[in-house]
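Residue-level structure breakdown
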Amino acid sequence: MPKSGFAMVLHGGAGARRSRDYAAEIRHMQGLIEAGRDRLKGGASAVEVVVETIGALEASGLYVAGRGASPNTAGRYELDASLMDGATGLAGAVAALEGFASPISVAQAVMQRTPHVMLAGDGASAFAQANGFAPVIDPDLWFTRAGADESNFAPGALAHGTVGCVVRDQEGRLAAGTSTGGVFNKLPGRVGDTPIIGAGTFADAHAAVSCTGQGEYFIRVAAAAQVAHRIRLAGQSLEQATAAVLAQIKALGGEGGLIAIDARGQVTAPFVSEGMKRGVLHPDGRIEAAAF
Ligand code: ASP
């Protein structure tokens, strides 16, 4: 693949509601896409840009991830995140991580510094502490509960929010990552699709995918890996593969969306929910940011 055609997509979750104004989020996502474009132009790797972008989405407190996460039914903040490098096939994840500001950074450290793919619960926290990650000292003061006003709208459905990013860098390497506070009113110990490689996040040489929506459905159809496998094994286009996977989720009664990028830098951000906050850098340099 020639040295060209870098592109990226980020999402701020498929929990968007038409009754709310997302002007601040749209401005923020647009700025992150511009920052990512400049990093990619300067030669940054796909993994670097995915982690930096998700770290900024987490730190903003605007989305239901990182600082914007909401508590579970026991009042605790258990966060999930994962990262996959399509160039090496390496991956890292944390599930039900408590007490740390940037789950995606801890997921990256799991990938880089351990022989494992996923650490969960107390083990994930102990690892984050041993590796010097920034702790959350007082959850009540620190978390913004960004999506709290989105949590009462969907009778029978689990309201939710998440952030994610997929990138193709100048060298043609693909990477994907996702980070979440999960669904509102989740039970203690509930883990969604976000930290599960193949469900919420996947990257290989053919595609990089990050999902958002009611995670239980994305797990059941192995959503992110299925997109890449459809491209690799069935020769489908990015549009065909992503549409087929979202159709399965809808048929099961789920909702949500995903962002994906292929080896040529083609991008897509389809959803079968009311909206999905997203920002896109097309391979021709065009930028879009929208919620609906
Ligand atoms: N997929 C996430 C989860 O189920 C939530 C979301 O994407 O909004 O934890």
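None of these values were measured; they are calculated from a predicted model.

In the region of the ligand, the neighbouring residues are H160, G161, T162, T180, G182, V183, R190, D193, T194, T212, G213 and G215. Between the ligand and T162, the relevant distance is 2.6 Å, taken from an oxygen atom to a side-chain nitrogen or oxygen of the residue. Residue R190 places a side-chain N or O atom 2.7 Å away from an oxygen atom belonging to the ligand. Going through the elements one at a time, β5 (160-168), β6 (174-183) and β8 (207-213) are the ones with two or more residues in the shell around the ligand. By residue class, the composition of the shell around the ligand is one nonpolar, nine polar and two charged.

Before going further, it helps to examine the pattern of salt bridges. Under the defined criterion, the tally for this structure stands at nine salt bridges. Salt-bridge contacts for R264 lead to D262; the nearest nitrogen and oxygen are separated by 3.8 Å. For D262, a relative accessible area of 8% corresponds to the buried category.

Looking along a regular strand, one sees side chains alternate from face to face of the sheet. Buried residues dominate strand β3 (residues 91-97), accounting for seven of its seven residues. Where strand β2 (residues 79-85) lies against β3, five bridges are found, and the strand directions are antiparallel. Residue pairing in the sheet places L83 in a bridge with G92 of β3. Adjacent in sequence and paired antiparallel, β2 and β3 are bridged by five residues, among which G89 carries a positive phi angle near 80°. Where β3 meets strand β4 (residues 118-120), three bridges bridge the pair, whose relative direction is parallel. Paired with A93 across the strands is M118, a residue of β4. Each parallel crossover has a hand, and the one from β3 via helix α3 (residues 103-113) to β4 is left-handed.

In spatial order, the strands read β4-β3-β2-β6-β5-β1-β11-β12; together these eight strands make up an open sheet with mixed pairing. Strands at the two margins of the open sheet, each flanked by one partner only, are β4 and β12 (287-290). Averaged over all pairs of adjacent strands, the angle between strand axes in this sheet comes to 5°, irrespective of strand direction. As paired strands, strand β1 (residues 7-11) and strand β11 (residues 278-281) are joined by four bridges and run antiparallel to one another. Bridge pairing in β11 links M8 to L281. Across the sheet, helix α2 (residues 46-60) is in contact with β1, β2, β5 and β6; its angle to β5 comes to roughly 155°. Each of β3 and β4 touches helix α4 (residues 121-130); the most contacted strand, β4, lies at about 105° to it.

Our next topic: the sheet that holds strand β10 (residues 267-268). The strand order across the open sheet built from four strands is β7-β8-β9-β10, with neighbouring strands paired in antiparallel fashion. One side of each edge strand has no neighbouring strand; the edge strands of this open sheet are β7 (201-203) and β10. Strand direction decides the pairing type here: strand β9 (residues 256-262) and β10, joined by two bridges, are antiparallel. Considered in β10, the bridge of I261 is made with V267. Sitting on the sheet, helix α7 (residues 223-234) touches β7, β8 and β9, and the angle it makes with β8 is about 145°. Sheet strands touched by helix α8 (residues 238-251): β9 and β10. Its angle to β9, the strand with the most contacts, is close to 155°.

Our focus in this paragraph is unusual backbone geometry. The phi torsion at A96 lies on the positive side, around 50°, for a residue other than glycine. Among the structural elements, A96 can be located in strand β3. The backbone of A222 shows a phi angle near 45°, a positive value even though the residue is not glycine. Considering the arrangement of structural elements, one finds A222 in the loop between α6 (215-220) and α7.

Our next topic: the side chain of T53. By secondary structure assignment, the location of T53 is in helix α2. Exposure remark for T53: the relative accessible area of 5% places this residue in the buried category. For T53, the contacting residues outside a window of four places in its chain are M8, L10, L32 and C165.

This part is about the side chain of T194. Among the structural elements, T194 can be located in the loop between β6 and β7. With sequence-adjacent residues up to four places away left out, T194 is seen in contact with D80, A81, S82, T162, T178, S179, T180, G200 and T201.

Conventions used here
- Residues numbered from 1 in each chain as written.
- Predicted model: local features only at pLDDT ≥ 70, side-chain atom pairs only at ≥ 80, totals over all residues.
- Heavy atoms only, no water.
- Near = heavy atom within 4 Å.
- Polar contact = N/O pair within 3.5 Å; in protein donor to acceptor, adjacent residues only side chain to side chain.
- Helix = DSSP H or I, 4+ residues; strand = E, 2+ residues; numbered from the N terminus.
- Nonpolar A, V, L, I, M, F, W, Y, C, P; charged D, E, K, R; others polar.
- Salt bridge = Lys/Arg side-chain N within 4 Å of Asp/Glu carboxyl O.
- Buried < 20%, exposed > 50% of the residue type's maximum accessible area, 1.4 Å probe, protein only.
- Pairing = 2+ DSSP bridges.
- Right-handed = clockwise from strand over helix to strand, strands pointing away.
- Axes fitted to C-alpha atoms, helices over the stretch in contact; angles between N-to-C directions.
- Contact = heavy atoms within 4.5 Å.

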